[in-house]
Amino acid sequence: MRYRILGTTEVAGEPVHGNGLRALLAALLLESGRPVSAERLREIVYGGGGGAPNALQSQVSRLRKLAPVERVDTGYRLAVDPEEVDAHRFARLVAEGRRAGRTPEAVRLLGEALALWRGEEALADLPGLEAQRERLARLRADAVENRIEAELELKADPARPIEELRALAAGDPLRERPRALLIRALAATGRHVEALECYEEYRGLLAEALGTSPSPELRRLHVAVLRGEHARRPMTAMPGPPRPVSSFVGREEELTDLRRLLKEHRLVTLIGPGGSGKTRLAAEAVAGEGEAVCFVELAPADGARQAVRRALGGSDRLGGDPLQALPATPLLLVLDNCEHLIEECAALAARILAAAPATRVLATSREPLGVDGEVTLPVRPLALPVEGAGLPEALTSPAVSLLVDRARAADPHFVPTEAVVRVCRSLDGLPLAIELAAARLRALTADDLAERLETRLHGRFDLLASGHRGTEERHRTLRAVVAWSWELLAQDEQRLAARLSAFPSGATLKAAEQICGATPALMAALVDKSLVHAGHGRYRMLETVRAFCAERLEPEEEDTVRQAHATYFAALAAAAEPALRSHRQVHALAELAAEHDNLHAALRWAIGREHTELAVRMAASLWLYWWMRGMADDSSQLAAAAVALPGAEERAEHFLMAVLHLASTGNPRSGLGPLMIRAEKLAEGLGPVPDYPMIQMVRPFTAIAEGDFAALLPALRTGATSAEPWSRGFAHLVAALVRLGTGGQVAQADRDLRAALTAFRLAGDRWGAAQCLLQLAEIAGWRGDNAAELKLTEEAMALSAAFGVPEDTGPVLAQRGVARARAGDIAGAKTDLRRAVELARVRNSVEMESMATYALAEVARIESDDALAVELYERALAGCGSLLWVGEEDLRGRILIGLGLVTGDEGLLRESFGLMECSLDVPVAAGAVEAMAELALRAGAADRAAELLGAAGALRGIPRHEAAEVDAAVRRLLGDAAFERARARGAGLDREGIAALMSAPRAGAVSAVPQR
């Protein structure tokens, strides 16, 4: 509500000061949009004498700053919705409560109305509104009395309203109704003497003040009290919710949802896996709510009917009906742990809903009760930090908060590290598992615990094999938690759950049917019983559940299931590979990404069992997926293991594809030569392979492995003239990369890239087209065409965004950020680059984060923020120490150039130039030479700077536009003729000569050109 006058006058939560302004606002609000004359308003605001017209206008002007006051005829009005005014909503609720009679709904409505009243008196200190104040006070008194009368009729706790009734009687001593209610409440609590004294006191007041006697109704009540008719048998104490001694952590959102649902529905069931915290959430939700609660723990019970009857204090005779023990007053009945008595609990809940309208039911179970009117609230594992979040952010996540809280209970000096996040991830955020793990932190460091949980899937049960002695047996160990759910499964459900443990990243229904013999009904049963989670067309198990179920898979059956699993995913990969080269690429890539863990698990199983045919076929089918995802490390290890299997070469086309993948991920000098020679000989006898057009790249990739770049371009001619568009596109793209990498062929590379772009578009390969656009954008940047560079990166972004995965959008965002900075859009550049860093952290990609951080450093250098640039360059460089991903040396070279320019360290530039000796990356080497020219200029060695500029242009094939400022400064110092001679000398140097020039001693002269 925006407007409040039932207490302190407020607008939008802010107090309104000044009696005149308060009176004017209240007068207009009470009329609910109807006009009030100016004369009447002056009487209210200024008393009987009124006030000058301009004084009222001044108050109206002040009020317009708070509310929409309108001038109408000879007065004013406030056009607001009555529901925005507490007084009008109060009156509506009181009227609805009166019409609802003596029902729980009446109690709710009247309670809601009275909650709007803040303070003892509305419209206080406003003399012009006495009548309205009295009307609201009477309305409030009626509401209190109606609510209490309804509660007494519903047999609620009669002691609760006694003091409230005493206050009402004292406020209006001659009013009969509060006296009658007070007498009833006193009698109902067994305080008959006080009830009779209350009647006699009132009778005496009436006689003395009015000379009358109490009404016939009150006299009849007096007689009934004398006879003991209003005495009530005390209700047997019912078990309330358990009172945990530890803090409640991480379920605030679910707690709010549950309390809301309990107000709106009569049957709410919390469902979730064992150890997810259903009981704790239920207890927290009903504690301190001010209503009667009966908490029935069913886990140790043999029957639901008997347990409920005993908790309610009913007869324990054989066949006793628990409904007979239900009070007529409002009650919240909590049925905790219904899963092992699910049928009986469902039947009982249905009867209660039909026969006891004042009773609501809250159930906790691992599956729904399945009763009409039931509303379920899933209680899932606690939320984990987003991928890549730093420790401060991770500590705010519910799962990590719980672990740290319980760890500090075990050891008050516990200091969390990044390892606590790994522990919580390994345990899927399961609360009970986290609490058991926290107890282990007394003896283990978080790093030790995380390492054991990550590497020993089945060992987690031994690691978390003991807990708090005061808890139930089924909650003392992690194994006991899952075993309780397992034992409740039917035999066919157990069999399916065990087989589903073969899927590390979940399963589609089709995969579960073909591999495990699943049926939709069985899958639905496992979902209902919280063993499996369904979402987005996939069925997943928590890792803890999967580990338990895997132990139940017999060795013979495990071999059968693993074989079926590997065969299925080998076929899936084979079907998806050609789709990755077509217009179906987006769908195929999404399918493979969803099955990533399953694919790798199947391949590792095939390698481990030396199932050569399956292993090399999968390695061959996955090469393009791996390449597009930039998975050089894992994929190269798997491909190498596959080609090393006995008989791998007998599966010639698959063997060749696996070898080609190794060649695409390795360094040209990484020892692939002998393997490539074997592959080339094998390809000669194989001929064209329509299923794998990439095989025609064996000779070019062999040339790359041998470092024979002169033979490389002719070897690409076959692919470049293929009738198949994708093959042409790939060959032209490789040719362009080779021309750019070896230097001096920018124009030819540009033509190859445009030919590749056309071919990829014909094939429907968005990813290949995006790579071409990014390379063309880089060339445009060299030429200084910033508009074209930005346009090309935007096109690449539009193509990559369709994949919806960070591996594609992150690098493009980084390149677009730099393009924006060069075009002058520094704010847009920073937005792109920060987003790229976030995506990298989500994917835990060192490569992506290093690339984006380097780009941020470049922007800082453009802004001349050298301190920030150095910090960012060094952070990016730290990610280049693993030598595990393609393009790492290229990025290292670029970082060293930027760092060398900012710090003036020539050694860094020489190191960057030296990387050309072990990588196909002349453009970076040319950048290092240009950067050295800038340092030479700063040192006053203009002649050397000109030679370096000439050498850089010859290396790359064109001078880079960013060096134009240095070029112009050197030209001014030397003059045109001397500059051209020096630049020509540099352009004529071979690579050894350029290396010697880069290593020349630094000149000692001081430049007339100001340093950055």
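Throughout, a residue's number is its position along its own chain's written sequence, starting from 1. The predicted origin of the model limits local features to residues at a pLDDT of at least 70 and limits the giving and counting of side-chain atom pairs to 80 or more, whereas totals for whole chains, interfaces and linings rest on all residues. Side-chain metrics rest on all non-hydrogen atoms present in the structure, leaving aside hydrogens and water.

### Details of the overall build of the chain
Here is step 1: Note on conventions: DSSP H or I runs of at least 4 residues are helices, E runs of at least 2 residues are strands, and numbering of each starts at the N terminus. If you tally the helices and strands in the chain, you get 50 helices and 13 strands.
Here is step 2: Only protein chains enter the accessibility calculation, which uses a 1.4 Å probe; a residue whose area is less than 20% of its type maximum is buried, one above 50% is exposed, and one in between is partly exposed. When the 1012 residues of the chain are sorted by exposure, 53% land in the buried category.
Here is step 3: For this analysis, residues touch if any pair of their heavy atoms sits within 4.5 Å. Counted over contacts in the chain with a minimum sequence separation of 6, partners at least 24 positions apart contribute 67%.
Here is step 4: Here the Shrake-Rupley method, with its probe set to 1.4 Å, supplies the accessible areas, and only the displayed protein chains count as covering residues. About 43800 Å² of surface is accessible on the chain, with carbon and sulfur atoms providing 52% of the total.

### Notes on the sheet that holds strand E5 (residues 69-72)
Here is step 1: Strand order in this open sheet of three strands is E4-E6-E5, and the pairing throughout is antiparallel. Only two strands of the sheet have a single partner each, and these edge strands are strand E4 (36-37) and E5.
Here is step 2: A pair of strands is labelled paired if DSSP reports no fewer than 2 bridges between them. Pairing analysis gives four bridges linking E5 to strand E6 (residues 75-78), with the strands arranged antiparallel. Directly across from Val72, in E6, lies its bridge partner Gly75.
Here is step 3: The angle between two axes is taken between their N-to-C directions and runs from 0 to 180 degrees, where each axis is a line fitted to C-alpha atoms and a helix contributes only its stretch in contact. Contacts from helix H1 (residues 19-30) reach E4, E5 and E6, with the element oriented near 75° to E6.

### A closer look at the sheet that holds strand E7 (residues 267-271)
Here is step 1: Overall, parallel pairing links the five strands, which are arranged E8-E9-E10-E7-E11 in an open sheet. The two strands at the open ends of the sheet, each matched to only one other strand, are strand E8 (293-297) and strand E11 (374-378). Strand-to-strand twist of the sheet, defined as the mean angle between neighbouring strand axes without regard to direction, takes the value 20°.
Here is step 2: Direction of pairing for E7 relative to E11: parallel, over a ladder of five bridges. Residue Leu270 lies in a different strand from E11, and its bridge partner there is Leu377.
Here is step 3: Most of the contacts of helix H12 (residues 278-286) go to strand E10 (residues 359-365), to which it runs at about 155°, and overall it touches E7, E8, strand E9 (331-336) and E10.
Here is step 4: Lying on the sheet, helix H14 (residues 342-355) is in contact with E7, E9 and E10; it crosses E10 at an angle near 165°.

### Here's the deal with the environment of Ser845
Here is step 1: In this structure, Ser845 sits in the loop between helix H41 (826-842) and helix H42 (846-862).
Here is step 2: Taking the C-alpha atoms as reference, Ser845 lies 9.6 Å from Gly879; in sequence the two are 34 residues apart.

### A few points about the packing of helix H6 (residues 130-153) against helix H7 (residues 162-171)
Helix-helix packing is characterised by the crossing angle of the two axes and by the distance between the axes.
Here is step 1: Their axes nearest at 11 Å, the elements H6 and H7 cross at an angle of 145°. For the element pair H6 and H7, the recorded crossing hand is left-handed. Along the contact surface, H6 presents Ala141, Val144, Glu145, Arg147 and Ile148, while H7 presents Glu164, Leu165 and Leu168.
Here is step 2: Each residue is assigned to one class: nonpolar for Ala, Val, Leu, Ile, Met, Phe, Trp, Tyr, Cys and Pro, charged for Asp, Glu, Lys and Arg, and polar for all the others, Gly among them. Along the lines of polarity and charge, the residues of the contact of H6 with H7 split into five nonpolar, no polar and three charged. What makes a crossing left-handed is the near helix being turned counterclockwise from the far one by less than a right angle; a clockwise turn instead makes it right-handed.

### Considering the nonpolar core
Here is step 1: The term nonpolar core refers to a set of buried residues drawn from Ala, Val, Leu, Ile, Met, Phe, Trp, Tyr and Cys, joined through side-chain atoms within 4.5 Å. Leu500, Phe569 and Trp626 are the most contacted members of the largest nonpolar core, which has 182 residues in total.
Here is step 2: Of all the elements, helix H29 (residues 612-629) adds the most residues to this core, at 12 residues.
Here is step 3: In contact with Phe569, not counting residues within four places along its chain, are Phe503, Ile515, Glu595, Asn598, Leu599, Ala602 and Met618.
Here is step 4: Listed in part, the 65 residues of the second largest apolar core include Tyr3, Leu110, Leu123 and Leu206.

### What to know about the packing of aromatic side chains
Here is step 1: Only rings of Phe, Tyr and Trp enter the pairing, Trp through its six-membered ring, and a pair is recorded when the two centres are within 6.5 Å. The plane angle decides the type: under 30 degrees is stacked, over 60 is edge-to-face, the rest tilted. One pass over the full model with this rule turns up 12 aromatic pairs.
Here is step 2: Ring plane angle 80° and centroid distance 5.0 Å describe the contact between Tyr568 and Phe569, whose orientation is recorded as edge-to-face. Just as Tyr568 is buried, Phe569 falls in that class too.
Here is step 3: Each ring, one from Trp623 and one from Phe730, has its centre 6.3 Å from the other, and the planes form 90°; the classification is edge-to-face.

### Some thoughts on the environment of Arg166
Here is step 1: As for its placement among the helices and strands, Arg166 is situated in helix H7.
Here is step 2: Residue class for Arg166 comes out partly exposed when judged on its relative accessible area of 31%.
Here is step 3: Residues Arg166 and Arg179, 13 residues apart in the sequence, show an inter-C-alpha distance of 8.1 Å.
Here is step 4: Excluding anything up to four places from it in sequence, Arg166 contacts Leu182, Leu186, Arg191 and Glu194.

### So, the pattern of salt bridges
Here is step 1: Note on definitions: salt bridges are taken to be side-chain nitrogens of Lys or Arg within 4 Å of carboxyl oxygens of Asp or Glu. All chains considered together, the criterion is met by 66 salt bridges.
Here is step 2: Between Arg820 and Asp832 there is a salt bridge, and its shortest N-O distance comes to 3.4 Å. Of this pair, Arg820 sits in helix H40 (residues 806-822) while Asp832 sits in helix H41; the two residues are 12 residues apart in sequence, bridging distant segments of the chain.
Here is step 3: Judged by its relative accessible area of 18%, Arg820 falls in the buried class.
Here is step 4: The buried category is assigned to Asp832, whose relative accessible area is 4%.
Here is step 5: Between Arg985 and Asp943 there is a salt bridge whose closest N-O contact spans 2.9 Å. In this pair, Arg985 sits in helix H49 (residues 976-987) while Asp943 sits in helix H47 (residues 942-956), placing the two residues 42 residues apart along the sequence.

Taken by themselves, the reported measurements are silent on function.
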